[in-house]
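Listed below, chain by chain, are the residues.
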Amino acid sequence: MADTVSVVIVGAGFAGLAMANELLRAGISDFVILEKADRAGGVWRENTYPGAACDVPSPYYSFSYAPKPDWTRRYAGQAQIESYLIDIASDLGERIRYGLEVTDAWFEESDGLWNVRTADGGAIRARIFVPATGQLSRPAMPDIEGRERFEGASFHSAQWRHDCDLRGRRVAVIGAGASAIQFVPRIQPQVAQLTLFQRSAPYILPKPDGEYRSIHHRAFRRLPLLQKLERGLWWTLGEVWTLGITGNRRISAAVEAAARWQLRRQVGSAALRHKLTPDYPIGCKRVLFANDYYPTLTRPNVEVVTERITEITTGGVRTADGVEHAVDVIIYGTGFATQEFLGPMTVRGRAGRELRAVWADGAHAHLGMTVPGFPNMFLMYGPNTNLGTGSIIYMLERQARYIRQAVEVSARNPGGLMEIREEVEQRYDEEIQRRLAGSAWAGCVSWYRSASGRISSNWPGSVSEYSRRTATLSLADFHTTAVPLLD
Ligand SMILES: Cc1cc2nc3c(=O)[nH]c(=O)nc-3n(C[C@H](O)[C@H](O)[C@H](O)COP(=O)(O)OP(=O)(O)OC[C@H]3O[C@@H](n4cnc5c(N)ncnc54)[C@H](O)[C@@H]3O)c2cc1C
């Protein structure tokens, strides 16, 4: 018989660790995290491309209860964020089981337990099931004809081939999103030629980055309030910018003016400026921060191509104007499969219903966490909890707080089930979709939207609203039922 625990968490990224910390802080220790990799870190373990860094300042892009006074930069790099997470995970000891990929999980009606199976054939049972597998963990390759035909090296930015020497090579970068704007300035000085294929230009703001030196570290250690104040400042700016995305024209106009000013100041050529000018309302896609991206694109060994790609050939990339751009290496900066929440894991709820089928027209969940027909399952970083601005970690801490309350309810009523009421979830989803329809995200095609146009990724409000709405778990929102007690 498989082990039974109170809570099984899948994934040891920021979300899984937030959940584990929250449980431990509440004195609950009967849980395990199953992580498919050999260490914690999530996206910060996977994305090792040159220049990888957070784009929310580290005092805010970290756990509120685990400040790190010695970040070396305001926007910490990947290695430092990964080691922050590994440190946090090390405090959880054997509660994290590495190298275990969850293949499927199903709810067993007879005993009210979740059965979780791993790729090695193992299984574990739990009263509460918390998938925390991330929204940006499955790299997406574009559907371009001939991709397999290319004879040079090619890889996705989230699976960087550090063994592939780019020095003196002709390199194509496909995609101009959040990752590309970080690695393009790093690789440009090494390569012979860099051809950037851009489908849509991002808005880019000046990045208020800077080093934190030992004087800052000492100050943050002696006066933790200073770092809290800085955190509060970035939190406030995020909230203000959210107002811009969700309809305040003055704020969005001011941010747009700042982005256009940076473009004018850094790019002299009118033709290049034209290519780099976004053609959709600001905020619709994530607004990015960089000081070195535009200047890099003005270098003589860089070409920005906006023609549509029609195929990949054995030796390069062909565009709609018939030109074949010969290259030695192709780097895909094409983002992630964001609409396949929890994929490729199979999750089955009551009566064996597959979550994939329930979400066939787009994922939805009450507060991004609970789905009718899936009792005692609580998602983290689920549908409509991503942000256009601000720190995801803030949202994850709120989700952990909410789910911890469910775990407490379950501990008081062993064998009890909590299943979100269908009408509660439906009402919530209608509200979220109505609000999203009036937001900047409705104004373009982006990774926030599914093929049907539904926006399943983003939260439409401020993070303070989310915090308020998730502060207290209301049992009235749930069907609560009991199943026969074990033993
Ligand atoms: C390059 C990059 C930069 C980013 N920068 C920012 C930023 O600046 N600010 C911001 O707010 N957000 C940023 N994000 C978004 C980021 O995804 C979140 O901030 C956060 O890291 C999400 O954490 P997570 O734990 O939900 O997911 P992940 O970090 O994806 O972790 C999920 C974990 O689950 C594991 N897992 C998945 N499936 C299984 C399975 N079946 N079985 C077992 N284990 C499994 C994975 O191995 C992984 O360790 C960035 C994302 C990327 C890719």
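This text follows the structure it describes.
Described below are features of the structure shown in this document. (Residues numbered from 1 in each chain as written. Predicted model: local features only at pLDDT ≥ 70, side-chain atom pairs only at ≥ 80, totals over all residues. Heavy atoms only, no water.)

**Focus on the site of the ligand**
Line of reasoning, step 1. Around the ligand, the structure places 33 residues, and the nearest of them are Ala15, Glu35, Asp55, Tyr61 and Ile392.
Line of reasoning, step 2. Backbone polar atom of aspartate 55 to an oxygen atom of the ligand: 2.6 Å apart, as the coordinates give it.
Line of reasoning, step 3. Within the backbone of valine 56, an N or O atom sits 3.3 Å from an oxygen atom of the ligand.
Line of reasoning, step 4. Calculation on the ligand without its partners gives an accessible area of 990 Å², and the protein chains cover 95% of this total.
Line of reasoning, step 5. Of all elements in the fold, only helix H1 (14-25), strand S2 (31-35) and helix H2 (43-46) reach the threshold of two or more residues within the shell around the ligand. (Near = heavy atom within 4 Å. Polar contact = N/O pair within 3.5 Å; in protein donor to acceptor, adjacent residues only side chain to side chain. Areas by Shrake-Rupley, 256 points an atom, 1.4 Å probe, with all protein chains shown as cover. Helix = DSSP H or I, 4+ residues; strand = E, 2+ residues; numbered from the N terminus.)

**Quick notes on the sheet that holds strand S9 (residues 193-197)**
Line of reasoning, step 1. Here we have 5 strands laid out as an open sheet, ordered S7-S16-S8-S9-S12, and parallel in their pairing. In this open sheet, the two strands that pair with only one neighbour each are strand S7 (153-156) and strand S12 (302-305). Taking the axes of each pair of neighbouring strands and ignoring which way they run, one obtains an average angle of 15 degrees across the sheet.
Line of reasoning, step 2. Looking at chain direction, strand S8 (residues 170-174) and S9 are connected through 5 bridges and run parallel. Looking at S9, one finds that isoleucine 174 is bridged to phenylalanine 197.
Line of reasoning, step 3. The strands that helix H4 (residues 180-187) touches are S8, S9 and strand S16 (329-332); relative to S8, the one it contacts most, it runs at about 170 degrees. (Pairing = 2+ DSSP bridges. Axes fitted to C-alpha atoms, helices over the stretch in contact; angles between N-to-C directions. Contact = heavy atoms within 4.5 Å.)

**Focus on the layout of surface pockets**
Line of reasoning, step 1. There is about 410 Å³ of room inside the second largest pocket.
Line of reasoning, step 2. Forming the boundary of the second largest pocket are 21 residues, of which Leu237, Gly238, Trp241, Phe289 and Thr389 lie nearest the centre.
Line of reasoning, step 3. Elements with a contribution of two residues or more to the lining of the second largest pocket: helix H6 (224-245) and helix H7 (249-266).
Line of reasoning, step 4. Looking at the lining of the second largest pocket element by element, the count peaks at 5 residues for H6.
Line of reasoning, step 5. The residue makeup of the lining of the second largest pocket, split by class, is 15 nonpolar, 4 polar and 2 charged. (1 Å grid on protein atoms, 1.4 Å probe; cavity = no way out; pocket = protein on both sides within 12 Å on 5 of 7 lines; lining within 4 Å. Points joined across faces, edges and corners; volume = space filled by probe spheres on them. Nonpolar A, V, L, I, M, F, W, Y, C, P; charged D, E, K, R; others polar.)

**Notes on the packing of aromatic side chains**
Line of reasoning, step 1. According to the stated counting rule, one finds 20 aromatic pairs in the structure shown.
Line of reasoning, step 2. Relative to phenylalanine 63, the ring of phenylalanine 14 has its centre 5.3 Å away and its plane inclined at 70 degrees; by these criteria the two rings are edge-to-face. Of this pair, phenylalanine 14 sits in helix H1 while phenylalanine 63 sits in the loop between H2 and helix H3 (78-90), and the two are 49 residues apart along the sequence.
Line of reasoning, step 3. For the pair tryptophan 235 and tyrosine 394, a centre-to-centre distance of 6.5 Å together with 50 degrees between the ring planes defines the contact as tilted. You can see tryptophan 235 sitting in helix H6 and its partner tyrosine 394 sitting in helix H11 (residues 392-412), a full 159 residues away along the chain.
Line of reasoning, step 4. A relative accessible area of 26% places tryptophan 235 in the partly exposed class.
Line of reasoning, step 5. Tyrosine 394 gets classed as buried once you look at its relative accessible area, which sits at 10%.
Line of reasoning, step 6. Here the aromatic residues Phe14, Trp44, Tyr61, Phe63, Tyr65, Trp71 and Tyr84 are joined through ring pairs into a cluster of three or more.
Line of reasoning, step 7. A cation over a ring is seen here: lysine 68 above tryptophan 71, with NZ or CZ 5.5 Å from the ring centre.
Line of reasoning, step 8. Over the face of the ring belonging to tyrosine 280 we find lysine 285, whose NZ or CZ atom lies 5.1 Å from the ring centre. (Phe/Tyr/Trp six-rings, centres within 6.5 Å; stacked < 30°, edge-to-face > 60°. Buried < 20%, exposed > 50% of the residue type's maximum accessible area, 1.4 Å probe, protein only. Lys NZ or Arg CZ within 6 Å of the ring centre and 35° of its normal.)

**A word on unusual backbone geometry**
Line of reasoning, step 1. Residue proline 344 follows glycine 343 across a cis peptide bond; omega there is 0 degrees.
Line of reasoning, step 2. Secondary-structure assignment places proline 344 in the loop between S16 and strand S17 (346-348).
Line of reasoning, step 3. In this model, leucine 342 sits at a positive phi of 70 degrees, which is unusual for a non-glycine residue.
Line of reasoning, step 4. Relative to the helices and strands, leucine 342 resides in the loop between S16 and S17.
Line of reasoning, step 5. A relative accessible area of 9% places leucine 342 in the buried class.
Line of reasoning, step 6. A positive phi angle, near 50 degrees, is found at tyrosine 381, a position not held by glycine.
Line of reasoning, step 7. Here tyrosine 381 shows up in the loop between helix H10 (355-358) and H11.
Line of reasoning, step 8. Looking at tyrosine 381, the relative accessible area reads 11%, which means it is buried.

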